[in-house]
Amino acid sequence: MNTFGVALLVVWSLLICAYGIAVLERLTALGLRHFRAAVLLPLAETVALLRQENLVPRGADRLLFHSAPLVALTSIALAALVIPLGPALRGFDPSIGLFYFIVVLGPFVIAMMNAGWSQNSPEGLSGTFRAAACLISYEVPLGFAVIGPVMAAESLSTARIVEAQTGLWYVVWQPLGFLIYAIAALFMTYRRPFDLPQAGSELAGGVLAEYTGARLLLFHIALNALFFLLTAMGVVLFFGGWQGPGLPGPIWFLVKTVALATVLLWGGRFLPRVRHDQMLSLAWKILLPASLVNVALVGILILVFPGEKS
Amino acid sequence: MLALPLQSDEVPPEPRVEEKALPLPGKQEREIATELMVMSLGPVQPLTAGPLRLLFVCDGEQIVAVQTEAGYAARGVARAMTHATWRESAALASALDPLAPIAGRLAYVSALEQLQHWDPDPSTLHQREALLAFERVENHVSWLVRFAEFLADDRLSITARHFPVRLAEVGAVLWGQSAVEWIVPQSGVLSPLPHTQKRMLEHLAAELVALRGRLEGNRALALRTAGIGLLAADRLRAVGASGPVLHASERRQGDVLSRLLMRLEEAADDLRYAARAAVMPSVAEQGIAPWSAPPGETAVTVAGPRGDIGVSLASDGENMCRVTWRRPSAALLGLIPELLTGQKLADAETIVASLDLAMAEADG
Amino acid sequence: MSGLIEWILFLALSVLAVGMAASMLVTMSMYRAGLALMSSFVALAGLFILLNADLLAAIQVMMNVGGMLVMVLFMVMLMMDPGGEMMWDMKRKMHMPGPGALSMTMPRGAPPSGKERQHHQMMVDMAMSTAQLPWALALGAASALVLIVLVVRTPWPFSSVQPTQDATGAVGTLLLSRYMLGFEGAAFLILAGIAGAVIFARRERAPTSRPAAATAASGTKIFTCPMHEEVRQSGPGQCPLCGMDLTPATEASVHHGEGGGSA
């Protein structure tokens, strides 16, 4: 498939997955009784947003304001390329696959911060700084949490990590690493209970306060797609990726991703929103030492049980 | 063609803060040249029931000065009452706080009865008290839903949403659509409370107590609410506040968590009282209610959901010549600037939400 | 990939890198300048990818995006006009020819004399247009030219070694064997820097959620300094000891009996 075809496919899949995550979000909020409403609500909201007037606030930094959602989507599309959907199904497989994934999501945070800054409003600026606080909260624990699977598979390539889990899924003997990764995933996409840059006490959205219409829709798509990507990467790292008996690889992958996304969405809603200083405390006083302990544990387990690897 | 305001090209003015009126700390030329930013919340906002504009002058996330703009819901109820007949004033009294119509109307009707030198018999008193207690519970429970939504605590929000629905069911059975209309001067009816409704009310009370117990041990909630927004009881008494906010400061610490727990406790107590004391009014008995008042002056205080609602009436035999209302939310509104200065933004909003201000009542 | 595409990409990335660096110097907005620096480095990372050095490219992006970001945030917090709007306005009002942001010449005519001269000088200083700027540009261009000539004329040795396929393993092994001292030493230095910064920035008693309930008996507010509790004034102002702004006092005395209170 030529590169244009791959790009188009990636973009379409991301849109569909973003819609799926939005549906899951409504399902976990409303309950299974309102299944039809949950499926149709995101569509209704999409149409409503598209019909909304596109406002640019007075004194906004126009270049940053217009480019922010596009940068966000580009970085997500680039990150989506390294997720292996099946035994031979992936965008491309660099030897630094996982590292590339984490690095290419950096501009996403930049885009969110640009969005907050460019609005020329106090809510946006507060949202920007809260997003920066989120960034420095999750970055280091995330890095340490994903080192576990990397150490076990002895490679940064995502395909290799999936293949190395043929014997035993990593979540079984690296539960702490998985927990830290899950929390970091909630941080990165500003989901409950860590949604302070985006919604939170600031009315109408913090970083996205002055965005309306199609641009806001692009941001929602970007955030949902990013959540899907992070859950997918979580499945790749800890739940054996596309491996499973019977059904073909991509189906198993989808099933596992949906299950993990449901668990994360449902669980995260049950805690009240954290304040920004509580979030920083949590990250630096609890998550970081836990992730260091995790690295030590995983290293010891690898040395003690050499047969565990694949 | 009409030139509607919407089509004008004028830019609405930015929210202005009177710098001289606020006790801002002095700006000095330090190495760090920071700029204070003005955040405007409102007038439509989730923190209060009713429109209120809060202007926070913030240094980053910390609030340095607060200015409130109230009066969006001012209708001049007291003045309107002096121009209305006695009967119409009853409707105005219940419109003072649309969330607590029974309390307002009961205060007015009790004042009328006092002027008429008529003592209601105990059963009428019990019925009215039960109605009042029920209304207090309704308010506390709907406040709980709003607060949970604001805190983004979905578990609490889901639990809290059951209560208004079930209360409304019981209330509909007990006194039909408009409980307010049952409060007329010198009227009382007798009828026992059906057993099922009584049990439902007690069941709800037990659930509220259980919820309160769970919330007290909830550490995640305590992170956002414990130790925040401490108010001293003396200060509250000095400004004339009453109700759950005062009780929370008297009996407990007086922070957001204690106000939350106190409201749940009081709601449970009120429900049990209502279960014991409520009687179902029957449709036939209405009696001839005298809507008049001989000359005199009187004052009545009624325990509303947010505090004591007081009315003082002066009549000259024909008309009402003077009426003043003592409104609990207005007292709390005055405490906001000193309470919020120095807080973080998120904490400040939690504090305002915990005060349960009804702006219609506060503006009068 | 084919040679033509490589050439086009190389040109595009190079133009991006140089152009972003230039716009960083020219733009009025500090935020945009930080972003332009970031983009310039990311373009360099693209060049690394063209050279098959993927690990290096990823590291370049990660360090610069993360590092520049924090730098930009500190600029926004500490500097006076991070958005550049004030300066833009000022240039426009001074009727500088050309687009305000790119205009670099001084206003025509003799500067006003007397009292106005001070004001005018201050405006010129704040508008960041001085007589030295054209000299600085000339010096920069000259040094760039010298460097380019040097680079073009040096006989660079051509290596026939294939680029490493899996650089990560090789780099990791090197870091923990040959360069272990530097690796661990750098970590210790960074830790020392962090500890020093925390100690410098920490106050005597860090204010967390400070309730500003007024003094119980009277209605007067007492202002105190966060670092020096003994300083108490009845009105706002500055602490005579350290110069910080005074904030309303916490009512620790009122709540001693009640327990709880702020951390």
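So, here is what we can say about the structure in this document.

Criteria and thresholds
- Residues numbered from 1 in each chain as written.
- Chains lettered and ligands numbered in written order.
- Predicted model: local features only at pLDDT ≥ 70, side-chain atom pairs only at ≥ 80, totals over all residues.
- Axes fitted to C-alpha atoms, helices over the stretch in contact; angles between N-to-C directions.
- Helix = DSSP H or I, 4+ residues; strand = E, 2+ residues; numbered from the N terminus.
- Parallel < 35°, antiparallel > 145°, perpendicular 65-115°, else oblique.
- Left-handed = near helix turned anticlockwise from the far one by under 90°.
- Contact = placed C-beta atoms within 7 Å.
- Nonpolar A, V, L, I, M, F, W, Y, C, P; charged D, E, K, R; others polar.
- Buried ≥ 20, exposed ≤ 12 C-beta atoms within 10 Å, placed from the backbone.
- Pairing = 2+ DSSP bridges.
- Core = buried A, V, L, I, M, F, W, Y, C linked by C-beta atoms within 7 Å.

1. Things to note about the packing of helix 3 (residues 62-80) of chain A against helix 10 (residues 213-238) of chain A
All names here are of chain A. Contact geometry of helix 3 with helix 10 gives a least axis separation of 9 Å together with a crossing angle of 25 degrees. Between helix 3 and helix 10, the crossing angle belongs to the class labelled roughly parallel. Along this stretch, helix 3 crosses helix 10, giving a crossing that reads as left-handed. Touching Pro69, Ala72, Leu73, Ile76, Ala79 and Ala80 of helix 3 are Arg215, Leu218, Phe219, Ala222, Ala225, Leu226 and Leu229, all from helix 10. Tallied by class, residues from the contact of helix 3 with helix 10 come to twelve nonpolar, no polar and one charged.

2. Description of the environment of Arg51(A)
Inspection of the secondary structure assignment puts Arg51(A) in helix 2 (residues 35-51). Given 9 C-beta atoms within a 10 Å radius, Arg51(A) is considered exposed.

3. Focus: the interface of chain B and chain A
If you look at the interface, chain B gives 19 residues, while chain A gives 15 residues. Contributing elements (two or more residues each) for the side of chain B that touches chain A: strand 1 (37-41), helix 5 (154-175), helix 7 (219-225) and helix 12 (345-355) of chain B. When grouped by side-chain class, the residues that make up the side of chain B that touches chain A number eleven nonpolar, one polar and seven charged.

4. A look at the packing of helix 1 (residues 3-26) of chain C against helix 2 (residues 30-50) of chain C
When two helices pack together, their arrangement is given by the angle between their axes and by how far apart the axes lie. Residues and elements named next belong to chain C. Two numbers describe how helix 1 lies on helix 2: the axes approach to 8 Å, and their chain directions differ by 160 degrees. Classified by the angle their axes make, helix 1 and helix 2 are roughly antiparallel. As helix 1 runs across helix 2, the sense of the crossing is left-handed. Across from Glu6, Leu9, Phe10, Leu13, Leu16, Ala17, Met20, Ala21, Ser23 and Met24 in helix 1, the residues of helix 2 making contact are Ala33, Ala36, Leu37, Ser39, Ser40, Ala43, Leu44, Gly46, Leu47 and Leu50. Looking at the contact of helix 1 with helix 2, its residues break down into 15 nonpolar, four polar and one charged.

5. Digging into unusual backbone geometry
The phi torsion at Glu154(A) lies on the positive side, around 60 degrees, for a residue other than glycine. With respect to the helices and strands, Glu154(A) occurs in the loop between helix 6 (122-153) and helix 7 (158-163). Within the chain, Ala152(B) stands out as a residue other than glycine whose phi angle is a positive 60 degrees. Along the chain, Ala152(B) turns up in the loop between helix 4 (122-151) and helix 5. Here Ala152(B) falls in the buried class, since 21 other C-beta atoms lie within 10 Å of it.

6. Examining the environment of Val293(A)
All names here are of chain A. Along the chain, Val293 falls in helix 12 (residues 276-304). On the basis of neighbour count, Val293 is assigned to the partly exposed category, with 14 C-beta atoms found within 10 Å. The spatial distance from the C-alpha of Val293 to the C-alpha of Ala111 is 33 Å, given a sequence separation of 182 residues.

7. Describing the sheet that holds strand 1 of chain B
All names here are of chain B. Spatial ordering of the open sheet is given by 1-2-3, a layout of three strands whose pairing is antiparallel. The sheet is open, and its two edges are formed by strand 1 and strand 3 (62-69), each paired on a single side. Between one strand and the next, the sheet's axes are offset by a mean angle of 25 degrees, whatever the strand orientation. With seven bridges joining them, strand 2 (residues 53-59) and strand 3 adopt antiparallel strand pairing. Within strand 3, the position partnered with Leu54 by the bridge is Thr68. Running at roughly 155 degrees to strand 2, helix 12 makes contact with strand 2 and strand 3 of the sheet.

8. Some details on the nonpolar core
One finds Ile76(A), Tyr181(A), Ala184(A), Ala225(A), Leu226(A) and Leu229(A) to be the most contacted residues of the largest nonpolar core, which totals 121 residues. The contacts of Ala225(A), once residues within four sequence positions are left out, are Leu14(A), Cys17(A), Ala18(A) and Ile76(A).

9. Quick word on the environment of Met30(C)
Here Met30(C) shows up in helix 2. By the C-beta count within 10 Å, which is 20 here, Met30(C) ends up buried.

10. Considering the pairing of strand 5 (residues 307-315) of chain B
Residues and elements named next belong to chain B. Inspection of the sheet shows strand 4 (residues 296-304) paired to strand 5 by nine bridges, in the antiparallel sense. Residue pairing across strands places Ala303 opposite Asp308, the latter belonging to strand 5. Adjacent in sequence and paired antiparallel, strand 4 and strand 5 are bridged by two residues. Between strand 5 and strand 6 (residues 320-326), which pair antiparallel and follow one another directly, the connecting turn spans four residues, one of which, Gly317, has a positive phi of 95 degrees.

11. Details of the sheet that holds strand 6 of chain B
All names here are of chain B. Sheet architecture is open: three strands sit in the order 4-5-6, paired in antiparallel fashion. Bordering the open sheet on either side are strand 4 and strand 6, each of which pairs with just one other strand. When strand polarity is set aside, the average angle formed by the axes of neighbouring strands in this sheet is 15 degrees.

Without other data, these values stay purely geometric and don't point to any function.
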